[in-house]
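What follows is each chain in one-letter form.
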Amino acid sequence: MKILMNEKGYSLILTMLIFLLFTVLSVSVLTVALSGVKRNQTSEDYVQARELANKGIEHITNQIQSDLKNELGEEGITRSEFITKLNTILNRYKDVINSVHNTGATGEYRVYIRNIENVIENGEENPLKKKITFLSRGFVDGKEKTVISEVEIGAQSVLETLHYALGANKLCKTPNACIPGEGNMFLHGGVSITGDMKVDGNLIITNRGYAYLSGEKWIASVYPSILPTQGKANANLLLGGNIFTFNHTPPYEQHITTSNFGSSYTKLTDRIDDAFYNRQAPVIVKRQPIRDDIQIPAQKSVFYYKHNSPGVTIIKANNRIISNQNRPNDKVYASHDECILWCNEKYDGNYTFTGNNLFKSFATAGSLTIRNSNNQFRQTTFKEGAYIEKDLTIGNGSDSYNPNNYDKIRVDGPIFVNGDLTIRGADAEFNSIMYVMGDVTIEYSRINGLGQNGSLIIFANGNINIRNNSVNQDEPSNIKGFFYSEQALEMFGVGSNIRIEGGISARRIVLNAIRGRASNQNFSGAQKITNNDYFEGAQNQIGKPSRLQIIYDPEIINTYADIKSREPVIKNLDPPKIINRDIE
């Protein structure tokens, strides 16, 4: 009986111990769970506070952009007015006392400008832009997070396009909007490139140059070469797709418009050295491309005005010729009389400039030709720009390969051309940005920079054709400029001999070239293509200069900024650029 009682007592004690143990464990688990919930809630509060702080940065940035756009309006404002408005608007949000505050369902944020700094571009201050340091605090249930962000705000930054010797751009947002072969670059034969390249699509390379000489001809050459600019160890290739080479003879038009490179093409992305002359290949850089929104048509309103616009001076062109005008403070519009039984004043003639001409600004509803003699340079200057409603022609139209037969012409200032631009028969010096709505043709010409850093920079909505320069000549035609096309760009250095100091950018680029000599007569070491077309043999091309050289000029960036600053009004803002962001 005692044994039984003892067993019952032990059972009771054991039961109580087990109960106590489970109670302790349950309390512990509950405590841990509640603690975890509390920690999770705290963590979530901090995450939400950080998100609110980021929203504060976004809010104030968009507000400043909106304030600036309202000041620009539809017509834009002058450069000096923009600088004043920019500083005024930024100071409106500077320091804690001027914080932007917002309260929502989850919490609140307060954001203000802590610091305003000047922006240095290419060693010089850009007064149209500021680097802003924003401080934003987010608050959720007593928890706080601080975000500090540096953002550049303003106008007139240097275009990404201008940083490359060659750039093939993929601009279309849907397949139906793409041109055939969009974003691709074709380097056929002994093209010579100095500088970096950007190819949004594929890079297609061969050791033969193409020319149409009594039919399609692929001319034996060498692979293209690419060298770094001075001070750099290697050239860079920003590549969006792959590198292909080929040794068959495809139909040319079909070849340059395809984007599907099948078994007849060899992929060399992983063996890039095999695709370049002397195995000197660029370094491939993979990153998302930055696409410039240049908006060529939108530039029209910067330069356009009518004959009856306020402050316009009408000058009457006798025989439609305007010569030796010195009007540095005048906003000029051209006119002429058309007389049959009586005379009517007209504004849409085909006008011609001769001699030295200086205008504050110039506009015409017609076309303009700039001419001169071939013995002494004469200069046309547009201090704040020119607007040409129809076509602009520069030069005497010569088809000679001798520059001594070309008009000696200097052009200074920005120009908008609503038609086509033709430079032919011109020994020209430029310090000009030209926006061209139509096509551009440069042939039988020599182009240099005006002054120490001058250059010709063209943004064309249409095609750009650079051809028939120094055909069968040993010395190249020098062209100092940067050429951007919203369409395809094709150049030949097979018969032609061209040296571009600057760069080229388009939605599709096709370059054809050989190295060495070209002639309409046979010569030692030549390969015969037709009875009138002889070119340096492939083996002899090694070590010879290319007939199509593109050499990047870093000064093009300064030239662009200098000329851009002369445009009469600011109409567009750059998107805000985030420089740095820290979370505290």
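Please refer to the structure higher up on the page.
What counts as what
Residues numbered from 1 in each chain as written. Predicted model: local features only at pLDDT ≥ 70, side-chain atom pairs only at ≥ 80, totals over all residues. Heavy atoms only, no water. Helix = DSSP H or I, 4+ residues; strand = E, 2+ residues; numbered from the N terminus. Contact = heavy atoms within 4.5 Å. Polar contact = N/O pair within 3.5 Å; in protein donor to acceptor, adjacent residues only side chain to side chain. Phe/Tyr/Trp six-rings, centres within 6.5 Å; stacked < 30°, edge-to-face > 60°. Buried < 20%, exposed > 50% of the residue type's maximum accessible area, 1.4 Å probe, protein only. Lys NZ or Arg CZ within 6 Å of the ring centre and 35° of its normal. 1 Å grid on protein atoms, 1.4 Å probe; cavity = no way out; pocket = protein on both sides within 12 Å on 5 of 7 lines; lining within 4 Å. Points joined across faces, edges and corners; volume = space filled by probe spheres on them. Nonpolar A, V, L, I, M, F, W, Y, C, P; charged D, E, K, R; others polar. Pairing = 2+ DSSP bridges. Axes fitted to C-alpha atoms, helices over the stretch in contact; angles between N-to-C directions.

Novice: For this particular structure, what's the right way to read the side chain of Asn 469?
Specialist: With respect to the helices, strands and loops of the structure, Asn 469 is situated in the loop between strand 34 (464-467) and strand 35 (477-485). Apart from residues lying up to four places away in sequence, Asn 469 is in contact with Ile 442, Glu 443, Tyr 444, Ser 445, Ser 477, Ile 479, Ser 496, Asn 497 and Ile 498.

Novice: Is there a simple way to think about the side chain of Ser 398 in this case?
Specialist: Mapped onto the secondary structure, Ser 398 falls in the loop between strand 26 (392-394) and strand 27 (407-412). Separated by 3.0 Å, the side chain of Ser 398 and the backbone nitrogen of Ser 400 make a polar contact. When sequence neighbours within four positions are dropped, the list of residues in contact with Ser 398 reads Asn 405, Tyr 406, Arg 424, Gly 425 and Tyr 444.

Novice: Just checking my understanding: could you explain the packing of aromatic side chains for this structure?
Specialist: Within this structure, the stated rule accounts for 23 aromatic pairs. Aromatic side chains Tyr 210 and Tyr 252 sit 3.7 Å apart centroid to centroid with 5° between the ring planes, which places their arrangement in the stacked category. Of this pair, Tyr 210 sits in strand 10 (residues 208-212) while Tyr 252 sits in helix 3 (residues 252-256), and the two are 42 residues apart along the sequence. Residues Tyr 210 and Tyr 252 agree in their burial class; the two are buried. Of the aromatic side chains, those joined through ring pairs into one cluster are Phe 186, Tyr 210, Trp 218, Phe 244, Phe 246, Tyr 252, Phe 261 and Tyr 265. The aromatic ring of Tyr 305 is capped on one face by Lys 331, whose charged end is 4.8 Å from the ring centroid. Its end group placed over the ring of Tyr 277, Arg 515 keeps NZ or CZ at 4.3 Å from the ring centre.

Novice: Is there a simple way to explain empty space enclosed by the protein in this structure?
Specialist: Under the counting rule described, the total for this entry stands at two cavities of 30 Å³ or more. Looking at the second largest cavity, its volume works out to about 40 Å³. Secondary structure elements with two or more residues in the lining of the second largest cavity: strand 21 (350-354), strand 24 (378-382) and strand 27. Of the residues belonging to the lining of the second largest cavity, the class tally is three nonpolar, six polar and four charged.

Novice: Got a minute to help me understand the environment of His 336 in this structure?
Specialist: Take His 336: it is sitting in strand 19 (residues 326-339). Setting aside residues up to four positions removed in sequence, His 336 forms contacts with Lys 316, Ala 317, Arg 320, Asn 344, Glu 345, Lys 346, Tyr 347, Asp 348, Gly 349 and Tyr 351. Within the structure, the side chain of His 336 is placed 3.2 Å from the side chain of Arg 320, a separation counted as a polar contact. A distance of 2.7 Å separates the side chain of His 336 from the side chain of Tyr 351, its partner in a polar contact.

Novice: Got a minute to help me understand the sheet that holds strand 2 (residues 108-121) in this structure?
Specialist: If you walk across this open sheet you meet the five strands as 1-2-3-4-43, and the pairing is antiparallel. Two strands close off the open sheet at either side, each with one partner strand: strand 1 (100-103) and strand 43 (577-583). The average undirected angle you get between the axes of adjacent strands in this sheet is 20°. Summarising the sheet, strand 3 (residues 124-140) and strand 4 (residues 143-154) pair through 12 bridges and their orientation is antiparallel. The residue bridging Ile 132 from the neighbouring strand is Val 151, located in strand 4. Sitting on the sheet, helix 2 (residues 79-91) touches strand 2, strand 3 and strand 4, and the angle it makes with strand 3 is about 20°.

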